Amino acid sequence: MEDLQDAILQSIIVKTDAKCTAKFGCVSQRWYSLASDDHLWCRFCAQDFNISSRLDPTGSPCSSYKENKEILLLILPPSLRCDSSLHFSVEKSRGSKETYEKWHEAFYMYPLSIVRRAKDCWDIIRNWTSTHFPEVANTLVPGASEDEIRRAEDKLGWQLPVSTRILYRFCNGQKIRHGGLPQTQQLSVLGLMGGYHFYNRHVNVHLLPLEEVLELTEHCASQITLPRGSKHIVIAASCNMNKFFFLDCSDGQLYVGTKNLAVTGEMMPCVSSTLIDVAQQDAMLMWLEEYGRQLEVGNFSVRKDGEDGNIWSISLFPEKEPLCSEAVTNGVQVRASAVFVPEESDLQESDDKYYFFYSIRMCLVRQEKISEGAMLSSCQLSRRHWVIRANDTIIADIHGDAVIGKYPYLKEGGDVFVYQSCCPLSTSSGSIEGDFTFVPGRLDKPDGPEFSVRVAPFLLQIPQYIF
């Protein structure tokens, strides 16, 4: 093998993985030099950890330097690291190799496939929040250390699922810091997992750091009836404590509390059991991965919230088809979508078992000709009409004045009028459609005959992932 040309040896090395390459470098100084090629380790960084920059797991830059001495190959067993024959000077840049070593040293005890999934998941969430909602990005806590996780497990009395441990290694939940808003108001809008509001009910969910996981788990254990010997921990909750997410550390499934949580301990799975890898117990990881995908594709967005309409938060009302419908009639655009609300749902009920909040947004997007010589430049709502279905059966046909007691006035280039309401169903899926009656101009001074504006059907259904 020593007689082979460098190009041939390099063609062999590139077909191996990082571990084999490290062993290859143990043969001789020449082989070690070939196995230390920066481009090679750059590929291993991308392949195993999806790393494209020379940053260690803490986000600190790895140096790129020459003539390093006493280099210990951290991805080899400790017995080989002490072999003096492996200590060479490297007369070339090896920044990518150092980067790989740092990451391997931090995560060698875990399956690489799960480490990469967790890293990719947090990269997506961090990048999205940094771009669209930096105030939330600033609440994300750097990852917990192995010692911090072990101490948390000691206090709990059981171990966390492997995938959950890795998630906390990359990000230890959220910590709300004092800012321009009062702390209670900051808590109500800066939840990473988003939320919704309906009348005076506001839900905004935070991902908890380990310290608060322990505190809230202990609190809930004293207040909620859970199965004897259960290993449930609270990993996320709304700031006003009306929505809780529990991780069952015995099987890795993730649950959310229902309306009966405090009385009977009733919960619903957040991830369909058909999707979970039982061996990896990765429901929490899958949940966060799906949440990141929904953020990336724009199905969840940052929207104005609150009664005064000037507070921003991540909204769980879907923005994309097929979960969001859109129709334009005579220039009036109506967008509608609904979100399942587990904390208001009662699985013991037969009639109003499943609860949904829905959001309606309407605006005048353009002027349109509504009659000979007349252009619609403003209009005002007078009546509403809803057809509600449970599965495919019509269960209500509603006619009424106004919406939530209001008669929104729309004009071209004006604000979008937004309102929320609710709808309970006896089935896990259904739909709503209907129409609004508008008059051109104002109700007290119409500019022409009234006209109907369509509300396209929008779905009410329990999703595969509950947020």
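Caption draft 1: Looking closely at helix 4 (residues 38-49). An ideal rise of 1.5 Å per residue puts 16 Å on twelve residues; helix 4 measures up with 16 Å between its terminal C-alpha atoms. When helix 4 is considered as a whole, its buried residues turn out to be Asp38, Leu40, Trp41, Phe44, Cys45, Asp48 and Phe49. Down the axis of helix 4, the buried set is contained in an arc of 155 degrees. They therefore lie on one face. Looking at the buried residues of helix 4, the elements they touch are helix 1 (6-13), helix 2 (18-24), helix 3 (29-35), helix 6 (95-107) and helix 7 (112-132).

Caption draft 2: The arrangement of the sheet that holds strand 19 (residues 417-425) in detail. One open sheet accounts for four strands, arranged 11-12-13-19; its pairing is antiparallel. This sheet does not close on itself; its edge strands, each paired only once, are strand 11 (324-329) and strand 19. Averaged over neighbouring strand pairs, the angle between their axes works out to 20 degrees when direction is ignored. In this sheet, strand 12 (residues 332-340) lies alongside strand 11 in antiparallel orientation, the contact comprising six bridges. By the bridge assignment for strand 12, serine 325 is matched with alanine 336.

Caption draft 3: Focus on the packing of aromatic side chains. For the structure shown, the criterion picks out 24 aromatic pairs. Between the aromatic rings of tryptophan 41 and phenylalanine 44, the centroid separation amounts to 5.1 Å while the plane-to-plane angle is 75 degrees, which identifies the pairing as edge-to-face. Of this pair, tryptophan 41 and phenylalanine 44 both sit in helix 4, three residues apart, which is roughly one turn of the helix. Here the two residues tryptophan 41 and phenylalanine 44 agree in accessibility, since each one is buried. Arranged with centres 5.8 Å apart and planes meeting at 40 degrees, the rings of tyrosine 291 and phenylalanine 300 form a pair that is tilted. Each of the two residues, tyrosine 291 as well as phenylalanine 300, counts as buried. Put simply, the rings of Trp41, Phe44, Phe49, Tyr100, Trp103, Phe107 and Phe170 touch in pairs and so form one group of aromatic residues. The ring of phenylalanine 107 carries the charged tip of arginine 169 above its face, separated from the ring centre by 4.7 Å.

Caption draft 4: Just unusual backbone geometry, in detail. Cis geometry marks the peptide bond from glutamate 321 to proline 322, where omega comes out at 5 degrees. Even without being a glycine, methionine 241 presents a positive backbone phi close to 60 degrees. Mapped onto the elements of the fold, methionine 241 is located in the loop between strand 5 (232-238) and strand 6 (244-248). What makes methionine 241 partly exposed here is its relative accessible area of 44%. Here asparagine 391, not a glycine, exhibits a phi torsion of approximately 55 degrees, which is positive. Position of asparagine 391 relative to the elements: it lies in the loop between strand 16 (378-390) and strand 17 (393-401).

Caption draft 5: Local environment of the pattern of salt bridges. Tallying each qualifying case throughout the model produces 18 salt bridges. We note a salt bridge from glutamate 289 to arginine 117, for which the minimum N-O separation is 2.9 Å. Taken together, the positions of glutamate 289 in helix 14 (residues 283-296) and arginine 117 in helix 7 put the pair 172 residues apart, joining distant regions of the chain. One salt bridge connects arginine 383 with glutamate 450, and the closest N-O pair in it is separated by 3.0 Å. Separated by 67 residues along the polypeptide, arginine 383 in strand 16 and glutamate 450 in the loop between strand 21 (445-446) and strand 22 (451-461) bring together distant segments of the chain. For arginine 383, a relative accessible area of 33% corresponds to the partly exposed category. Look at the salt bridges and you will find they share partners, linking Glu146, Asp147, Arg150, Glu153, Arg165 and Arg169 into a network.

Caption draft 6: Local environment of the layout of surface pockets. Space inside the second largest pocket adds up to approximately 580 Å³. Contributing to the lining of the second largest pocket are 25 residues, with Asp56, Pro57, Thr58, Gly59 and Trp103 lying nearest its centre. At the level of elements, helix 6, helix 7 and helix 10 (162-170) are the ones that each hand at least two residues to the lining of the second largest pocket. Taken together, the residues that form the lining of the second largest pocket break down as eleven nonpolar, seven polar and seven charged.

Caption draft 7: Representation of the nonpolar core within the structure. Ile235, Trp287 and Phe436 are the most contacted members of the largest nonpolar core, which has 127 residues in total. If we skip the residues at most four places from it in the chain, tryptophan 287 touches Met193, Leu207, Ile235, Ala236, Phe245, Leu254, Cys270, Val271, Tyr465, Ile466 and Phe467.

Caption draft 8: A look at the pairing of strand 16. For strand 16, the buried fraction is high: ten of the 13 residues fall into the buried class. As judged from the three bridges shared by strand 16 and strand 18 (residues 409-411), these two strands associate in the antiparallel manner. From the neighbouring strand, serine 378 faces strand 18, where its bridge partner is lysine 411. Of the pairings in the sheet, the one linking strand 16 to strand 20 (residues 429-442) comprises eleven bridges and is antiparallel in character. Of the residues in strand 20, the one forming a bridge with arginine 383 is threonine 437. Bridging between strand 16 and strand 17 involves eight bridges; their strand directions are antiparallel. Bridging from a neighbouring strand, isoleucine 388 pairs with alanine 396 of strand 17. Between the end of strand 16 and the start of strand 17, which pair antiparallel, lie two residues, with asparagine 391 showing a positive phi angle near 55 degrees.

The rules behind each value
Residues numbered from 1 in each chain as written. Predicted model: local features only at pLDDT ≥ 70, side-chain atom pairs only at ≥ 80, totals over all residues. Heavy atoms only, no water. Helix = DSSP H or I, 4+ residues; strand = E, 2+ residues; numbered from the N terminus. Expected span 1.5 Å × (residues − 1). Buried < 20%, exposed > 50% of the residue type's maximum accessible area, 1.4 Å probe, protein only. Arc of directions from axis to C-beta. Contact = heavy atoms within 4.5 Å. Pairing = 2+ DSSP bridges. Axes fitted to C-alpha atoms, helices over the stretch in contact; angles between N-to-C directions. Phe/Tyr/Trp six-rings, centres within 6.5 Å; stacked < 30°, edge-to-face > 60°. Lys NZ or Arg CZ within 6 Å of the ring centre and 35° of its normal. Salt bridge = Lys/Arg side-chain N within 4 Å of Asp/Glu carboxyl O. 1 Å grid on protein atoms, 1.4 Å probe; cavity = no way out; pocket = protein on both sides within 12 Å on 5 of 7 lines; lining within 4 Å. Points joined across faces, edges and corners; volume = space filled by probe spheres on them. Nonpolar A, V, L, I, M, F, W, Y, C, P; charged D, E, K, R; others polar. Core = buried A, V, L, I, M, F, W, Y, C linked by side-chain atoms within 4.5 Å.

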